[in-house]
Amino acid sequence: MADMKHNLTCRQSLASAFQALSDEAIKAGWSEGDVALALAELAEERVIEITAKVIMEGSIHPQRVAAGGRNS
């Protein structure tokens, strides 16, 4: 699992694109609250998809998981 510094660097690299996406949605007429909620829900769905993928790959390739390997 990624360490906190790595996660912070990733967040920083995504922040401007995330803000631009949010700004565009607000300009299109959506409220800040609607935009924030929609983005949070999309992020949560993505985490669920990735988690399910990791679980499925782990069940298909248990030796890879046991060895600490991962796909990026």
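Residues numbered from 1 in each chain as written. Predicted model: local features only at pLDDT ≥ 70, side-chain atom pairs only at ≥ 80, totals over all residues. Heavy atoms only, no water.

Chemist: For this particular structure, what's the right way to read helix H2 (residues 32-60)?
Modeler: Residues three or four positions apart in an α-helix share a direction because the helix packs 3.6 residues into each turn. For H2, built from 29 residues, the straight-helix expectation of 42 Å at 1.5 Å per residue is met to within 8% by its first-to-last C-alpha distance of 42 Å. Along H2, the positions that sit buried rather than exposed are Val 35, Leu 39 and Gly 58. (Helix = DSSP H or I, 4+ residues; strand = E, 2+ residues; numbered from the N terminus. Expected span 1.5 Å × (residues − 1). Buried < 20%, exposed > 50% of the residue type's maximum accessible area, 1.4 Å probe, protein only.)

Chemist: Any chance you could explain the pattern of salt bridges here in plain terms?
Modeler: When charged atoms on two side chains of opposite charge get close, those side chains can pair. Taken as a whole, this structure holds two salt bridges when the rule is applied. For Lys 27, the salt bridge is made with Glu 24, and the minimal N-O distance between the two is 3.8 Å. With a gap of three residues between them, Lys 27 and Glu 24 both fall in helix H1 (residues 4-27), about one helical turn apart. Looking at Glu 24, the relative accessible area reads 47%, which means it is partly exposed. A salt bridge links Arg 46 to Glu 49, with the nearest nitrogen and oxygen atoms 3.3 Å apart. Highlighted residues: Arg 46 and Glu 49, both in helix H2, separated by three residues, approximately one helical turn. Overall, Glu 49 belongs to the partly exposed group, its relative accessible area being 46%. (Salt bridge = Lys/Arg side-chain N within 4 Å of Asp/Glu carboxyl O.)

Chemist: Honestly, H1 in this entry has me stumped. Any pointers?
Modeler: For H1, built from 24 residues, the straight-helix expectation of 34 Å at 1.5 Å per residue is met to within 8% by its first-to-last C-alpha distance of 33 Å. At Ala 15, H1 shows its strongest bend, of approximately 40°. Count one or two residues on from H1 and you reach Gly 29, which has phi positive near 110°. (Bend = angle between axes of the 7 residues up to and from the residue.)

Chemist: Explanation requested: the packing of H1 against H2 in the structure shown.
Modeler: Axes are the key here: two packed helices are described by the angle between their axes and the distance separating the axes. As a packed pair, H1 and H2 sit with axes 9 Å apart at the nearest point and diverge in direction by 135°. By the criterion of interaxial angle, the relationship of H1 to H2 is oblique. Here H1 runs over H2; the crossing is right-handed. Residues Phe 18, Leu 21, Ser 22, Ala 25 and Ile 26 of H1 pack against Glu 32, Val 35 and Leu 39 of H2. Taken together, the residues that form the contact of H1 with H2 break down as six nonpolar, one polar and one charged. (Axes fitted to C-alpha atoms, helices over the stretch in contact; angles between N-to-C directions. Parallel < 35°, antiparallel > 145°, perpendicular 65-115°, else oblique. Left-handed = near helix turned anticlockwise from the far one by under 90°. Contact = heavy atoms within 4.5 Å. Nonpolar A, V, L, I, M, F, W, Y, C, P; charged D, E, K, R; others polar.)

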